[in-house]
Amino acid sequence: MKTLTLTRVSLIAAALVAGGPVIVAVAANAQTIQVNKDNRTIAITATDKVVMMADTATVHIGFIAYGPDSDSAYAAGSRTSNAIVKAITAAGVPSDAIQSENQNVSPVQEYQVDKLTPAEKAQRKFQVTQSWTVRTPADNAAKILDLAVKAGANQSGQIDWSLKDENASQAEAAGKALQRARTVAAEMAKGLNVKLGALVFASNETQAEPPRPLMQAMATKVVTVNAEPLAINPRQIEKTATVYAVFAIE
């Protein structure tokens, strides 16, 4: 049981005994509760969570293509770009689930090829890069990544996992937190020899999810062998809610 919660109850108990008014200052995002003999309450802050398996994946795919000049690099990039999108759409992915992230045609900097032979440097004067995100059911992520890589997506690999219905999971977490608050309040009321009454105020605070580290891109060599897709499993998604609840006491 948190010290903050105990402090609130102690102030309330003092008001009940002395019969005088007490102002309970709560968190900045909650209301200020005035406690006196005519306004007897118990205030609780409780946190709970739900853990669900992700049902949606956002697959990041991209490629880099080179050429001895701008036109050659662009032509190579065009072939790779269209081959990747064709492979994905042929698998049944709707076009609105494929979103462009960036595309660029630029000269190759010397430091990028300083370890190559002169002949290799001559073939890498310009580069074309392009990337997309593909939103798909979680169990289809490995297939999409496999198709893209085999079509030339040599800068791919990151997958963001999520839930199709974020609101439902957040509501479930808030419901569990509120139930926890009611349970704790009932125990406190018992300790004060009073009966817990109705809920008179509640607020919900969504916990921000921590940033996830980006995965490194896959090697730039195009996969040409008839290999099986990578073994990829969806992540578990955790939704946390903190509820501030005020209950009347009888």
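Residues numbered from 1 in each chain as written. Predicted model: local features only at pLDDT ≥ 70, side-chain atom pairs only at ≥ 80, totals over all residues. Heavy atoms only, no water.

J.: Can you help me understand the overall build of the chain in this one?
T.: Each helix and strand in the chain was counted, giving five helices and nine strands. Counting from the amino terminus, the chain carries its helices and strands in the arrangement α-β-β-β-β-α-β-α-β-α-β-α-β-β. When the accessible surface of the chain is totalled, it reaches about 14400 Å², and 53% of it is carbon and sulfur. (Helix = DSSP H or I, 4+ residues; strand = E, 2+ residues; numbered from the N terminus. Areas by Shrake-Rupley, 256 points an atom, 1.4 Å probe, with all protein chains shown as cover.)

J.: Mind showing me how you'd approach the pattern of salt bridges here?
T.: Opposite charge on two side chains allows them to pair when their charged atoms are near. One pass over the structure, following the stated rule, counts seven salt bridges. D48 is the partner of R180 in a salt bridge, and the nearest nitrogen-oxygen pair spans 3.2 Å. With a gap of 132 residues between them, R180 in helix α5 (residues 166-191) and D48 in strand β3 (residues 41-53) connect regions that are remote in the sequence. With relative accessibility at 14%, the residue D48 sits in the buried group. Each of D48, K176 and R180 takes part in a single network of salt bridges with overlapping partners. (Salt bridge = Lys/Arg side-chain N within 4 Å of Asp/Glu carboxyl O. Buried < 20%, exposed > 50% of the residue type's maximum accessible area, 1.4 Å probe, protein only.)

J.: It is not clear to me how the nonpolar core should be interpreted in this structure. Could you clarify?
T.: Within soluble globular proteins, side chains that are nonpolar tend to cluster in buried spots. Judged by nonpolar contacts, the single largest core of 27 residues is most densely connected at I61, I84, I88, V93, V134 and W161. Residue assignment for this core shows that the elements contributing at least two residues are β4 (56-67), α2 (70-90), β6 (126-137), α4 (141-150) and β7 (159-162). Excluding anything up to four places from it in sequence, I88 contacts I61, V93, I98, V134, I144 and A148. The next biggest cluster of nonpolar side chains, apart from the first, holds 14 residues, and it includes A185, A189, L196 and V243. (Core = buried A, V, L, I, M, F, W, Y, C linked by side-chain atoms within 4.5 Å. Contact = heavy atoms within 4.5 Å.)

J.: Looking at this model, I keep getting lost on the sheet that holds strand β9 (residues 236-249). Mind explaining?
T.: Through backbone hydrogen bonds, the strands of a sheet pair up, either in parallel or in antiparallel fashion. Spatial strand order, β3-β9-β8: three strands in an open sheet with antiparallel pairing. Every other strand in the sheet has two partners, leaving β3 and β8 (196-206) as the edge strands with one partner each. Strand-to-strand, the axes of this sheet are offset by a mean angle of 25°, without reference to chain direction. Of the strand pairs in this sheet, β8 and β9 are connected by eight bridges, and their pairing is antiparallel. For L196, the partnering residue across the bridge sits in β9 and is I249. Along the sheet, α5 contacts β3, β8 and β9; its crossing angle with β3, the most-contacted strand, is approximately 145°. (Pairing = 2+ DSSP bridges. Axes fitted to C-alpha atoms, helices over the stretch in contact; angles between N-to-C directions.)

J.: Looking at this structure, how should I read α5?
T.: Here α5 is 26 residues long and its end C-alpha atoms lie 38 Å apart, about the 38 Å a rise of 1.5 Å per residue gives. Burial in α5 covers these residues: S169, Q170, A173, A174, A177, A181, A185, M188 and A189. Its side-chain oxygen placed 3.3 Å from the backbone nitrogen of N167, D165 serves as the N-cap of α5. (Expected span 1.5 Å × (residues − 1). Polar contact = N/O pair within 3.5 Å; in protein donor to acceptor, adjacent residues only side chain to side chain.)

J.: What exactly am I supposed to notice about the confidence of the model for the chain here?
T.: Detail in the predicted coordinates should be disregarded across regions flagged by low pLDDT. Across the chain, the average pLDDT comes to 83, with 77% of residues at or above 70. Confidence over residues 1-30 falls short of pLDDT 50; this stretch has 49 contacts with residues more than four positions distant or in other chains. Here residues 213-223 is modelled with pLDDT under 50, and outside its nearest four sequence neighbours on either side it reaches 25 contacts, counting other chains as well. (pLDDT = per-residue confidence, 0-100.)

J.: In this structure, what is going on with the packing of aromatic side chains? I would like to understand it.
T.: The geometry of two aromatic rings is summed up by the distance between their centres and the angle between their planes. Within the structure shown, the criterion is met by two aromatic pairs. The ring of Y66 has R124 lying over it, and the distance from NZ or CZ to the ring centre is 4.1 Å. (Phe/Tyr/Trp six-rings, centres within 6.5 Å; stacked < 30°, edge-to-face > 60°. Lys NZ or Arg CZ within 6 Å of the ring centre and 35° of its normal.)

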